[in-house]
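As a plain string of letters, each chain reads:
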Amino acid sequence: MVGYDPRAQGSALSPEEAALAGSAAGMVTRALISPLDVLKIRFQLQIEHVSSPKGKYHGLFQATRCIYSEEGVSAFWKGHVPAQLLSICFGAVQFASFELLTEAVHNSTLYDSQTAGVHFLCGGLAACSATVVCQPLDILRTRFAAQGQTKVYRNLRHAVFTMWRTEGVLSFYRGLSPTLLAVFPYAGLQFFFYNVFKKQLPPPITAGDSAGKGLLGSLVCGSGAGMISKTLTYPFDLFKKRLQVGGFEAARAHFGQVRSYKGLVDCAVQIAKDEGVRGFFKGLSPSLVKAALSTGFTFFWYEVFLIAMHSLKQRQRTNGSPRGLEER
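Every value quoted in this text rests on a predicted model; they were computed, and no experiment measured them.

Conventions used here
Numbers given to residues run from 1 along each chain, matching the order in which its sequence is written. Whole-chain, interface and lining totals are the exception, using all residues; otherwise, since this is a predicted model, local features are given only for residues with pLDDT of at least 70 and side-chain atom pairs are given and counted only at 80 or more. Processing note: side-chain calculations cover all non-hydrogen atoms of the structure and skip hydrogens and water entirely. A helix here means a DSSP run of H or I that spans at least four residues, while a strand means a run of E at least two residues long, and both kinds are numbered starting from the N terminus. A 1.4 Å probe rolled over the protein chains alone gives each residue an accessible area, and that area as a share of the maximum for its type sets the label: buried under 20%, exposed over 50%, partly exposed in between. Surface accessibility in these figures is a Shrake-Rupley result with a 1.4 Å probe; residues are shielded only by whichever protein chains are displayed. Salt bridges are defined as contacts in which a side-chain nitrogen from Lys or Arg sits within 4 Å of a carboxyl oxygen from Asp or Glu. N or O atoms within 3.5 Å of each other form a polar contact, as long as, within protein, one can give a hydrogen and the other can take it, and as long as residues adjacent in sequence are counted only when both atoms are side-chain atoms. Here, nonpolar core means buried Ala, Val, Leu, Ile, Met, Phe, Trp, Tyr and Cys residues that are tied together by side-chain atoms lying within 4.5 Å of each other. We call two residues contacting when some pair of their heavy atoms lies within 4.5 Å. Between the first and last residue of a helix there are one fewer steps than residues, each counted as 1.5 Å, and that sum is the expected span. The arc in question is the one spanned by the directions pointing from the helix axis to the C-beta atoms. Only the stretch in contact is used when a helix axis is fitted, and all axes are lines through C-alpha atoms; the angle between N-to-C directions ranges over 0 to 180 degrees. An angle below 35 degrees is treated as roughly parallel, one above 145 as roughly antiparallel, one from 65 to 115 as roughly perpendicular, and anything else as oblique. Gly is placed with the polar residues, together with every amino acid not listed as nonpolar (Ala, Val, Leu, Ile, Met, Phe, Trp, Tyr, Cys and Pro) or charged (Asp, Glu, Lys and Arg). Left-handed is the label given to a crossing in which the near helix is rotated counterclockwise from the far helix by less than a right angle, and right-handed is the label when the rotation is clockwise. At every residue, the bend is computed as the angle between two fitted axes, covering the seven residues ending there and the seven beginning there respectively. A pair of Phe, Tyr and Trp rings is counted when the ring centres sit within 6.5 Å of each other, with Trp represented by its six-membered ring. The angle between the planes then sorts it: under 30 degrees is stacked, over 60 is edge-to-face, the rest tilted.

### What to know about the overall build of the protein chain
Tallying secondary structure elements over the protein chain gives eleven helices and zero strands in all. Reading the protein chain from its N end, one meets helices and strands in the order α-α-α-α-α-α-α-α-α-α-α. Expressed as a percentage of its 328 residues, the buried residues of the protein chain come to 49%. In the form shown here, the protein chain has an accessible surface area of approximately 15,600 Å², with 66% of it arising from carbon and sulfur atoms.

Here it is as structure tokens:
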């Protein structure tokens, strides 16, 4: 079970173990879902209506064919290096913070650390901590994914120096306000629904099938939690992406109309005025597919690595015990 569990005797996680499992889960998941992330970002940054033929992209399959024909298969992994760094960093900070926060709740309050409400609060706070730490990497990932065939940034180092020189250090934290507003409920709801769904799963009939069914359950529960959470908080994710590419309009001209926004409120007002209510949900289809796979795989791989580390610790204890030494 994700989060501090006082009933798990002898198997409590250290923050270092949670960070290691979280970073590994983020790394594997990112490699698998990168194409959907690129599609989502392209839709989110398009001003024209998705259903309009005037827009460059007007459907999931059409966008996939268009990107593939114009930019090649590698385009679906644009910005993959900063995205991987983001996923590894975010996973480490988020899961380590979550374990620490749930343990603090258990030790400092009367609440059960394994309730859904506690997981909502601790999950949201853990994700906010990870967001503040990792926001510059998210900015870089978004800008690389938003580039067309004409490259503004040659590589990660060039992007960092160019942004620093031309836009200043604050450019690495563009869109932080809507990001924090979105990430708290989004991550909180992920952990909340994951907790709720996991508790509905039937217990394993035998010890032998517990690991396999448990991991499959983690994948299914994580996918459901991701889709619900993404739908409820999606407009904030769109605001974040629009604000993150501010000052980057020249590279976006190839894709159609571009807009400049003064802040979160101005962004929301302009989208409502120019694109209507449907504008707040551009890119929702690939986002839901991505959210289902991303959240499902994150919890799945997190639990896989936790089981692997727990097994390794058990083996080391057995080998280090007097009986284990005698047998050797």
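Now that the structure is up, let's keep going.
### A few points about the pattern of salt bridges
Evaluation of the coordinates by the stated rule reveals 14 salt bridges. A salt bridge links K198 to E303; the nearest nitrogen and oxygen atoms lie 3.9 Å apart. Of this pair, K198 sits in helix 6 (residues 176–200) while E303 sits in helix 10 (residues 284–320); the two residues are 105 residues apart in sequence, bridging distant segments of the chain. By relative accessible area, which is 15% here, K198 ends up buried. For E303, a relative accessible area of 9% translates into the label buried.

### Some thoughts on the side chain of K56
Of note, K56 is situated in the loop between helix 1 (15–44) and helix 2 (60–71). Looking at K56, its side chain comes within polar contact range of the side chain of E70, at 3.0 Å.

### A closer look at the nonpolar core
The biggest cluster of nonpolar side chains holds 20 residues, and the ones touching the most others in it are V2, F95, F98, F191, Y194, F299 and Y302. Going through the elements one at a time, helix 1, helix 3 (80–108), helix 4 (116–146), helix 6, helix 7 (210–244) and helix 10 are the ones with two or more residues in this core. Setting aside residues up to four positions removed in sequence, V2 forms contacts with F95, F98, E99, Q114, H119, F191, Y194, F299, Y302 and E303. Counting residues in hydrophobic clusters, the runner-up holds eleven residues, among them I47, Y234, F239 and L243.

### Topic: helix 5 (residues 156–167)
End to end, helix 5 covers 16 Å across twelve residues, agreeing with the expected 16 Å (1.5 Å per residue, within 8%). Within helix 5, burial applies to H158, A159, T162 and M163. Taken end-on, helix 5 shows its buried residues confined to a sector of 125 degrees, consistent with a single buried face. Residues of helix 5 that are exposed and point more than 90 degrees away from the buried face comprise R157, W164 and R165. Where helix 5 is buried, its residues touch helix 4.

### Quick look at the packing of helix 1 against helix 2
At their nearest, the axes of helix 1 and helix 2 sit 11 Å apart, and the two run at 105 degrees to each other. Taken together, the axes of helix 1 and helix 2 are roughly perpendicular relative to one another. From helix 1, L39, R42 and F43 reach across to helix 2, where they touch L60, A63, T64, I67 and E71. Of the residues assigned to the contact of helix 1 with helix 2, the class counts are five nonpolar, one polar and two charged.

### Details of the packing of helix 3 against helix 6
Put simply, helix 3 and helix 6 touch, their axes get as near as 13 Å, and they point 65 degrees apart. The handedness of the crossing between helix 3 and helix 6 comes out as right-handed. Of helix 6, the residues touching helix 3 (which contributes F90, Q94, F95 and F98) are V183, A187 and F191. Residue composition of the contact of helix 3 with helix 6, by class: six nonpolar, one polar and no charged.

### Observations regarding helix 6
Between its first and last C-alpha, helix 6 extends 36 Å over 25 residues, near the 36 Å set by a 1.5 Å rise per residue. When the local axis directions of helix 6 are compared, the greatest deviation, roughly 25 degrees, occurs at V183, which is followed within four positions by the proline P185.

### Quick look at the environment of D37
Secondary-structure assignment places D37 in helix 1. Sequence spacing of D37 and A145 is 108 residues, and the spatial spacing of their C-alpha atoms is 8.4 Å.

### Regarding the packing of aromatic side chains
All told, the structure shown has 15 aromatic pairs when counted by the stated rule. Here F95 and Y302 contribute two aromatic rings whose centre-to-centre distance is 3.9 Å and whose plane-to-plane angle is 20 degrees, an arrangement assigned as stacked. On the criterion of sequence distance, the pair formed by F95 in helix 3 and Y302 in helix 10 is long-range, its members being 207 residues apart. For the pair shown, F95 and Y302 are each scored as buried. On the numbers, 5.1 Å between centres and 85 degrees between planes, the contact of F300 with W301 is edge-to-face. Look at F300 and you get buried, because its relative accessible area is 18%. Ring pairing ties together the aromatic residues F95, F98, F191, Y194, F299 and Y302, which thus form one cluster.

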